[in-house]
Structure formats: structure tokens, C-alpha cells
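Residue-level listing of the chains:
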Amino acid sequence: MRFLLLGSSAVLSGFWPMAASSQQADAQATTGATQGSAVDGLQLEAIDVQGPGALNAGTGPVNGYVAKDTTTGSRTATPIIQIPQSVSVIGREEMTDRDVQKVDEALRYTPGVFTQPFGYDSDTDWLYIRGFDATQTGMFLDNMQLYSYAFGGFTIDPFLLERVEVLRGASSALYGSSNPGGIVNMVSRRPTGERIRYVEGAISADPNGQGAFDIGDRIDPDGKWSYRILGKIKGGDTQVDYAEQFRGLIAPMVSFRPDDVTDLTLYANYQYDDLKHTNGFFPYVGSVVPAPFGRISRDFFYSEPDSDTLKAHQTMAGYEFATEVLDGVKLSSNTRYAHLNKSEYGPYLYGYYDPATGFGGLMEPVSPDYLLNRLNFSESSVVNTVTSDNNATVEFATGPVAHTLLAGIDYKFYQIDQSQAVGSAPPISPINPVYTNSLPDLWAPYVDETIDMNQIGGYLQDQMRFGGGWITTLNGRYDYVWINRDDHTAADIDYSGRRGAFSGRAGLGYEFSNGLVPYVSAASFFNPQIGTDASGQALPPQTGEQYEIGLKWSPSFVDALFTVALFDLTRRHMVQSVAPLYIPQTIGETRSRGVEFEANANITKELKLVGAFTAYDLQIRNDADAALIGNQPYLVPEVMASLWLDYTIGDGDLKGLGFGAGVRYVGSSYADNENTLSVPAATVFDAAVRYDRDNWGVALNVNNVFDEDYVAGCQTALSCGYGQGRSAILKAHFTW
């Protein structure tokens, strides 16, 4: 899907010296929660924060559907119940059971997350968290932002991932500039030092075929060196006519672990995508509600089969280093470089066309042909980005208070060299489309620019335990962001902006002996905006704050985690064009209030469950159009719910036979901020059946079992997208 966005962003490096102290050879491995230690004769309480000594703590495989630790909510491996914000974790096993094909699909059963608001989109993972778009500024990979601007965005294939995690709410105190509603942190698979031999093949009903492999092992007999290589190739048709797709990727990595408290991993990956555009831009009349000709078909291809194209070359390389230099003192350094070369071409829809006037962009079709208006479009984006995060963790005590202190500096650089151009395209019939495969020349680019964004931030976090069960978390961070734009168009509107911002978070909880943890927290955020206001000055960042109160429970009698949270989140300084001269001003304000519930349970070894419920009160608090104040923003539903159950027979002749079933409910939303055009609610059912035996297995996954034909969402009355129809994937795997 393509939206005519303008812009850029993000971030560069520094690193901890990689020479470890000679004392590290004598350091002992940390394999779990740090035990209470004596300081000046005082016996301290156990601090349940795990550092890099436990090499996979908070990032390794999840046991079934229940993750207990995460690094996403604190940058240290911390039990989820001790984090004073809502955190969700989707592990490899759950992604496999549901046969997740895209990252946004992994989050379909996660509270507070509205996925695929425009339906299936082959080149973008669209996500809204707590009502706010996280697609560009809320995506992270291994705790470092994977920023995108305009069309310069990276996509991560879920086959490369061990986990997909969501931190809901303001997170700038941890990560700097980011989406106000929360972030998605994708955690990569890494070498384990164990032998891995895995291959799979699959075919879908489209048809679309794929093959993938995961190979790893020790390099030396002592296991200090290990490697892992993941690869995948996928291609074929989609549910949209003519919209073929191809993807190939390779991801080698090697780890060096000379002892139990030191880990150095070097990694790289390359991904190539060659596809055609799918879905989106349908008018409200003809998709949500019938037009005189009925509804536009869900598999309708609005572009040109022979000329439509999207190609992307994506490369990443980096290192991850962690060591414990002294007892209770840990250093960590992570740096990643990423490059993207992307181009796309082809028409998109813009309302209906009136042959009598020659104009388009109409909400209602014009008889007798009911033609859809089209605009041709082209863009090219070259992105270079470097991110680096370097920190130290120190465990100590002050009187009766046990501390885990985290201090760090991170740097982000994002550069995009982009151009965008539009032109005319002949209208097309939604009933009997005729493709010309010949389009007029595009007009001169309306965007031709190079944008650099740099951000450097220093952060401090103190996680404290005292008084038998009290948990206090304090975060403070200061960021400095500078943005430069070099405009290559005739307008030659260059600008440079400099901004500093402080972010904070404070949380208080109490952990009872039965695993119950009530908590409260407050946090602030900022998110830079690219562009200038009416006076030519750089735009200020979006800012705001969140207040959250919740309850987390990890019971002792079942392997489960239950969470419920109430929150109040406000975003300010949204850019709007103010009539009658349409001068940009940062006056927009939106508030999101709501309740979220989540249940993850390994009820037995054979039976697992995930459930979620979300209810929002989304409200426009300030707007250039005063008549909109108090209304609900378009696109995002205020109610969502989901439930997935999975059962595997554990013994007998049918041992290894498993079944999964899920239901997803997406409530009604609006197609306009005036709240006059409603998009109906939809309920979708998913199912799976599989058989695993010894070193092989087969699985059949069917999403949208009853082929519910619905519109996922509308961003204005001229841009609606159908939800994904029934999809069936048959997969077989083999290990040795």
C-alpha cells in the first residue's frame, strides 16, 4: 500500500571498548534471578533482574505461550510482572502454531494493537497501538529503532525472529523518539551453540510456494564459537488478481562465547522483494456500502499488470556484545547498519471519475460506466541508517534498598534520498477492467530531497526493590535531535532544525507472594516531526504523557500470565493545515483512554491459550476544525477482542496430532473524523491442524475460515481496504 507521505529520520554510533577486564575469566554465570547478597552486613532482597550473564534471558525461546522475562520494557532482562507498563510477548512456538507470514499477523491476538487496518499489504506491516500509528516510528529490532519515513521503511520476515514483543504506551524514557502508543520490538534468532537442522516447504491456495531452512551448530569442540544461517525463498500469486510477489532472504551469523558471561555476535542479512501492489484506496461507496453496481471485488487489481512494480533490496549488518567485567557490573554494546534501495511504480485509485468534467476524486460513482479515477505514481528511496546502543548495568545497595542501575548512551542516524512524482492515468472500470499497460509520462517530481536525521540520547534507569515486595522503577532521558533537509526541486526549500527533549517514567508496584503485582506508572514521550511551519521554522516534536494503572498475575498453580491495565494517553502538537490558506500549524491533539486485558496460559503441556480484550475511548481534543473536537478519529476501532486455543494429543496412537482454533473481533470504526461514515464490525475465525512425529511434521493453517468479506478500515472516504480473505497454507518440515 502506498500513501503520499513526505519525509525522513533517525540515528548513529559509539561503542564500549570491547577489551574485557582480566577479572571476567573468573566471573560466574548468572543463570537466573540474582540472589540476595550481603553488603556491609546487611542481607539484601533478591533482585529479579537478569543481565547479560544469562545469555538468552529475556530474548531466548519462550516456553509455550507464556513468556516470563523480557528486555523490551526495561532494557534489562526483567520479569514481565515487575515492569510498570503493559508488555506482550509472542514467541516462536505461537508464531509457528498460527503460521505467521508477516509481523503484523503475529500481533492479531494482542491487546491494544490494531493490525492490518487496510487489509493485507505485501510490503508494509501496518500497526496501530493504543490508537496511534506505530508503522514508521514504533518498529524496533533487537531493542534498536528501525525508523522509517515516507516510503523508506524496512520489513522483517518473521522467519528470522525468536519473539515479537509490544511495549504499550509512552516509551521515550527508554528509547528516545518513538510512537506515543507504544513500540513493537522484534527479537532476532541467534546462535545457540546447539545443533540445528531444520527445513520446511509450504504452499498456499493462491497458489504461493515457499521454502526455508535454519542451520546452526558449534564451530569448535569447546563450543566457544557457534554459527547459524537462516534462509527463505517465497513466491507466487496473492489474493489480488495479477499481484504476484517474490521474496528471497539469507541471514548468516556467528557467536563467540569464551565464558559464561561474555557474548559477541556478528550478524548480517540480505532480503530482496519483487512484487506488485495489493489492496487499499477503495472508495467508501463501493466497498463499505454498495454502489449502484454493487461492491468492488476484493481481488480487484487497480493498477497495470505489466508495468506495476515494487522492488526493494535490504541489507543489514551489525554486532551485539555483552560481558560482566565485575561481579554485578555488566557492559553491553550493540550497533547495526542498514541499507535500503527501493523503487515502485504504478497507478492508484483516487475516488470516482466523471467523464463529463474530466475530474476525479468523487465519493459517488457516475453512471453509466461508474469509472474509478486513477493517478499514476512513482517513487524511489535510498536509505542508510546506523543505530548504536551502549550501556552499563550495576547492581548495588543503599541501606535496605537493592538497586539495578542502568546507564547508557545511544545514537541514531537516518538518511533518505527520495523522489516522488505523480501523473495522469486513464480511469478504470470496477466491473470490467481493461488494462492498457501504457501510461502517460509522469509530471515533474513534487518531492526530490535528501533528509538527514541524527539523534543522540543519554538515559538512566534505577530498578529498586525494598520493604518485602515493593518495586520502584525510575527512568530519565535527554535527547538531542537535529534534522537537515536538502531540497532538490525548483522550490529549493532547505531547512535545518535542532531540538532537545527530556523524557521520564516513574512506576511503583508491589509483588505479593502469590504472584500478584498491582502497579501505577506515569511516562512522557516525544516524537520529532520533519518539516517547517508557516514561518519556515522547523516543526516542534509531538509530545504528551501517559498514566497507567494495572494488575499483573503470575499464579503458582498454573504456568500463566494475566494482565489488566487502565490508561490515559494524550498526544499533542500534531501537524495540521489550517484553512483558508492551509498554513501548517502544530495544534492537533488526541486523547486515548482505555482498558486492556490479556491472558497467556500453558494450561497443561498439551493445552495452551491466548486471549485479549481492548476497549478504547479515542477523542479529538483539539483541531483546526472546531466541529471535530470531541469526535472519534477515523480508522481505529474502539473495541477489539480475540481468543486462540491450541491442543496437542500427548500420548497414544494419535500422539503429535494438534488442533488450533481462534476468533478475532474487530469493532466498528469511522471513515471520517466527522463521524458520519461508519465501518461495520467484523468477526473472523482461524483454524489449524497439524501432526508432528519424531523429526518431521505437517500442518494446515486456515485464516478467515468462513471467508468473511469485510472492510478492515478507512482512512477517509476515498481510502478503504478490504480485510484479508480466506487463506490456507499447507506446510511440511523436517529436522535431522
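The structure displayed is predicted, hence computed values, not measured ones.

1. Here we look at the overall build of the protein chain
Within the protein chain, the regular secondary structure consists of three helices and 40 strands. Each principal axis of the C-alpha atoms in the protein chain carries an extent, and together these give about 90 × 70 × 45 Å. Of all 736 residues assigned to the protein chain, the portion counted as buried reaches 60%. Within the protein chain, contacts between residues at least 6 apart in sequence are counted, and of these 68% link residues at least 24 apart. In the structure as shown, the protein chain presents an accessible area of about 27400 Å², 58% of it carried by carbon and sulfur atoms.

2. Focus: the sheet that holds strand 7 (residues 127–129)
On the basis of which strands lie adjacent, the open sheet formed by three strands has the order 6-7-8 and antiparallel pairing. Both edges of this open sheet fall to strand 6 (113–115) and strand 8 (132–133), since each of them pairs with a single strand only. Across three bridges, the pairing between strand 6 and strand 7 is antiparallel. Looking across to strand 7, one finds that Val 113 is bridged to Ile 129.

3. Some words on the pairing of strand 12 (residues 182–188)
Side-chain direction in a regular strand flips from residue to residue, so the side chains alternate between the two faces of the sheet. For strand 12, a buried count of seven out of seven residues is recorded, marking the element as mostly surrounded by other parts of the structure. The alternating pattern of strand 12 places Gly 182, Val 184, Met 186 and Ser 188 and Ile 183, Asn 185 and Val 187 on opposite faces, both of which are buried. Alignment of strand 9 (residues 139–141) against strand 12, held across three bridges, turns out to be parallel. Pairing of Met 139 across the sheet is with Val 184, part of strand 12. When strand 11 (residues 161–168) meets strand 12, the two strands line up antiparallel, connected through seven bridges. What sits directly across from Val 166, in strand 12, is Val 184.

4. Quick word on a nonpolar patch on the surface
On the surface, a cluster of nonpolar side chains totalling about 510 Å² of accessible area is made up of Ile 203, Tyr 647, Phe 659, Val 689, Leu 700 and Leu 730. For Tyr 647, the location among the structural elements is in strand 32 (residues 639–648).

5. Considerations on a negative patch on the surface
A grouping of Asp 417, Asp 486, Asp 492 and Asp 494 is seen on the molecular surface, where their side chains present a negatively charged patch. Inspection of the secondary structure assignment puts Asp 494 in the loop between strand 25 (470–487) and strand 26 (495–510). The class of Asp 494 is partly exposed, set by a relative accessible area of 42%.

6. Re the confidence of the model for the protein chain
Overall, the prediction assigns the protein chain a mean pLDDT of 91, with 92% of residues at 70 or greater. Across residues 1–54, where pLDDT falls below 50, the model places 178 contacts with residues more than four positions away in sequence or in other chains.

7. As for the pairing of strand 17 (residues 262–275)
In terms of burial, strand 17 is a largely internal element, 10 of the 14 residues being buried. Alignment of strand 16 (residues 245–256) against strand 17, held across 10 bridges, turns out to be antiparallel. Looking at the pairing, Phe 256 lines up with Leu 264 of strand 17. Counting the residues between successive antiparallel strands, the hairpin from strand 16 to strand 17 contains five residues.

8. As for the environment of Gly 469
One can find Gly 469 in the loop between strand 24 (447–466) and strand 25. Through-space distance from the C-alpha of Gly 469 to that of Leu 654 is 46 Å; in sequence the pair is 185 residues apart.

9. Let's talk about the nonpolar core
One finds Val 184, Met 186, Tyr 284 and Phe 300 to be the most contacted residues of the largest nonpolar core, which totals 70 residues. Once residues lying within four places of it in the same chain are set aside, the contact partners of Val 184 are Leu 107, Leu 127, Ile 129, Gly 138, Met 139, Phe 140, Val 164, Glu 165 and Val 166.

10. Considerations on the sheet that holds strand 11
Spatially, five strands are ordered 5-11-12-9-10 in an open sheet, and the strand pairing comes out mixed. If you trace the sheet from one side to the other, it starts and ends with strand 5 (87–91) and strand 10 (144–145), each paired once.

11. Description of the packing of aromatic side chains
Across all of its chains, the model carries 28 aromatic pairs by this definition. Where Tyr 242 meets Phe 301, the ring centres are 5.8 Å apart and the plane angle is 55 degrees; that geometry is what we call tilted. Pair noted here: Tyr 242 is in the loop between strand 15 (225–236) and strand 16 and Phe 301 is in the loop between strand 17 and strand 18 (309–326), with a separation of 59 residues, a long-range link. Note on Tyr 242: relative accessible area 42%, which makes it partly exposed. Relative accessible area serves as the criterion here: at 2%, Phe 301 is assigned to the buried category. Where Phe 293 meets Tyr 352, the ring centres are 6.5 Å apart and the plane angle is 65 degrees; that geometry is what we call edge-to-face. Of the two residues, Phe 293 sits in the loop between strand 17 and strand 18 while Tyr 352 sits in strand 20 (residues 348–354), which places them 59 residues apart along the sequence. Taken together, the ring pairs connect Phe 151, Phe 281, Phe 282, Phe 300, Tyr 302, Tyr 348, Phe 377 and Tyr 722 into an aromatic cluster. Above the ring of Phe 567, the side-chain terminus of Arg 130 is found at 4.0 Å from the ring centroid.

12. Some details on the pattern of salt bridges
Going through the model one piece at a time under the given rule, you end up with 44 salt bridges. Across the salt bridge formed by Asp 97 and Lys 608, the nearest N and O atoms sit 3.5 Å from each other. With Asp 97 in helix 1 (residues 92–97) and Lys 608 in strand 31 (residues 607–622), this residue pair connects regions lying 511 residues apart in the sequence. Between Arg 190 and Glu 320 there is a salt bridge, and its shortest N-O distance comes to 3.0 Å. With Arg 190 in the loop between strand 12 and strand 13 (196–204) and Glu 320 in strand 18, this residue pair connects regions lying 130 residues apart in the sequence.

13. Side note on the environment of Met 464
Locating Met 464 in the fold gives a position in strand 24. Considered as a pair, Met 464 and Ala 397 are 67 residues apart in the sequence and their alpha carbons are 9.1 Å apart. Setting aside residues up to four positions removed in sequence, Met 464 forms contacts with Val 401, Ala 402, His 403, Trp 470, Ile 471, Thr 472 and Leu 474.

14. Quick look at the environment of Gly 662
With respect to the secondary-structure elements, Gly 662 resides in strand 33 (residues 657–666). Assessed through its relative accessible area of 7%, Gly 662 is described here as buried. Here the alpha-carbon distance between Gly 662 and Asn 695, two residues 33 residues apart in the chain, equals 27 Å. Apart from the residues lying within four places of it in its own chain, the contact partners of Gly 662 are Tyr 109, Leu 643, Trp 644, Val 684, Phe 685 and Asp 686.

Rules behind the numbers
- Residues numbered from 1 in each chain as written.
- Predicted model: local features only at pLDDT ≥ 70, side-chain atom pairs only at ≥ 80, totals over all residues.
- Heavy atoms only, no water.
- Helix = DSSP H or I, 4+ residues; strand = E, 2+ residues; numbered from the N terminus.
- Buried < 20%, exposed > 50% of the residue type's maximum accessible area, 1.4 Å probe, protein only.
- Contact = heavy atoms within 4.5 Å.
- Areas by Shrake-Rupley, 256 points an atom, 1.4 Å probe, with all protein chains shown as cover.
- Pairing = 2+ DSSP bridges.
- Patch = residues over 30% accessible without salt bridge, like charges linked within 9 Å, V, L, I, M, F, W, Y side chains within 5 Å.
- Salt bridge = Lys/Arg side-chain N within 4 Å of Asp/Glu carboxyl O.
- Lys, Arg positive; Asp, Glu negative; His and termini not counted.
- Charge placed at Lys NZ, Arg CZ, Asp CG, Glu CD.
- pLDDT = per-residue confidence, 0-100.
- Core = buried A, V, L, I, M, F, W, Y, C linked by side-chain atoms within 4.5 Å.
- Phe/Tyr/Trp six-rings, centres within 6.5 Å; stacked < 30°, edge-to-face > 60°.
- Lys NZ or Arg CZ within 6 Å of the ring centre and 35° of its normal.

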